[in-house]
Amino acid sequence: MSERTENGGWKFTGYHMLAVMLVFFGVIVAVNLTAATLASSTWTGLVVKNSYVASQKFNDELDGAAAQRERGWQSTLTYTSGTLTVSLVDASGLPLKPSTIEISLGRPAFEQQDRVLVLPYTGGEIFSTEHVLEPGLWAIQVNAVVDGTPYRRDARVHVNSSGIGKIE
């Protein structure tokens, strides 16, 4: 492939130019494919599927949150060694018995680990389920219905390497 000129020097040929162009564009294509693969396998950035519809429901959500504050219902969340526990009490501290409690779990910016758990009643005011969370930050949304009235709580959980969660 390399040719010697009359003075013994090396000559740059069309084959060399072809190799340079193939390597140049090959690197560009490889970088673009890598970026596209990483972009499609992480958070999409989509918060709601239809922002117009979500904006129409926003005032209803604010009204629901105000009504929830007026009722004085409180929840306690704990996460220890693979057990997620929720308890609900009314304003006077008496346990509430919701017909359903659903927990939405996920990483704040990574949809692939999102889950919805239905918590079974385990006695008294306690609802719990076994679910191992990997160390790191988790977003939790508690949704319950008590006598037809909805309850919602959003929280963050920092799970350490020992499996203990700190609720915020």
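The shown structure was predicted, so the numbers you read here are calculated from the model rather than taken from an experiment. (Residues numbered from 1 in each chain as written. Predicted model: local features only at pLDDT ≥ 70, side-chain atom pairs only at ≥ 80, totals over all residues. Heavy atoms only, no water.)

Peer 1: Even after reading the chapter, I still don't get unusual backbone geometry, so can you show me in this structure?
Peer 2: If a residue is not glycine, its phi is most likely negative; likewise, a peptide bond is most likely trans. Although it is not a glycine, S81 sits at a positive phi angle of roughly 50 degrees. Mapped onto the fold, S81 is located in the loop between β3 (74–80) and β4 (83–89). S81 sits in the exposed class, given a relative accessible area of 52%. Of note in the backbone geometry, D147 takes a positive phi value of approximately 50 degrees without being a glycine. (Helix = DSSP H or I, 4+ residues; strand = E, 2+ residues; numbered from the N terminus. Buried < 20%, exposed > 50% of the residue type's maximum accessible area, 1.4 Å probe, protein only.)

Peer 1: Where do I start with the environment of G45 in this structure?
Peer 2: Structurally, G45 is set in the loop between α1 (14–40) and α2 (51–71). With 65 residues separating them along the chain, G45 and F110 place their C-alpha atoms 9.1 Å apart.

Peer 1: I would appreciate a short explanation of the packing of aromatic side chains in the present structure.
Peer 2: Under the counting rule described, the total for this entry stands at three aromatic pairs. Pairing W10 with F12 gives two aromatic rings, centres 6.1 Å apart and planes at 70 degrees, and the pair type is edge-to-face. Note on F12: relative accessible area 46%, which makes it partly exposed. Between the aromatic rings of W73 and Y151, the centroid separation amounts to 6.5 Å while the plane-to-plane angle is 40 degrees, which identifies the pairing as tilted. Separated by 78 residues along the polypeptide, W73 in the loop between α2 and β3 and Y151 in strand β9 (residues 149–159) bring together distant segments of the chain. Considered together, W73 and Y151 belong to a single accessibility category, that of buried residues. (Phe/Tyr/Trp six-rings, centres within 6.5 Å; stacked < 30°, edge-to-face > 60°.)

Peer 1: Is there a simple way to think about α2 in this case?
Peer 2: The α-helix winds at 3.6 residues per turn, so residues separated by three or four positions along the chain end up facing the same way. With 21 residues, α2 extends 30 Å from end C-alpha to end C-alpha; this agrees with the ideal 30 Å at 1.5 Å per step. Roughly 35 degrees is the biggest bend found in α2, and it falls at K57. Directly after α2, the chain includes G72, whose backbone phi takes a positive value near 75 degrees. (Expected span 1.5 Å × (residues − 1). Bend = angle between axes of the 7 residues up to and from the residue.)

Peer 1: Looking at this structure, I do not really get the sheet that holds β4. What am I missing?
Peer 2: Paired through backbone hydrogen bonds, the strands of a sheet run either parallel or antiparallel to each other. Spatially, β3-β4-β7 is the arrangement adopted by the three strands of the open sheet, whose pairing is antiparallel. Two strands lie at the open edges of the sheet, namely β3 and β7 (126–130), each paired on one side alone. Between one strand axis and the next, the sheet turns by 15 degrees as a mean value, whatever way the strands run. As paired strands, β4 and β7 are joined by five bridges and run antiparallel to one another. The residue bridging S87 from the neighbouring strand is I126, located in β7. (Pairing = 2+ DSSP bridges. Axes fitted to C-alpha atoms, helices over the stretch in contact; angles between N-to-C directions.)

Peer 1: Whenever I open this one, the confidence of the model for the protein chain confuses me. Can you help?
Peer 2: The predicted structure's coordinates, where accompanied by low pLDDT, should not be read in detail. Summing up the model confidence of the protein chain, the mean pLDDT is 85 and the portion of residues at 70 or higher is 93%. Taking the mean pLDDT of every element in the protein chain, the minimum, 59, falls on strand β1 (residues 3–4) and the maximum, 95, on α1. (pLDDT = per-residue confidence, 0-100.)

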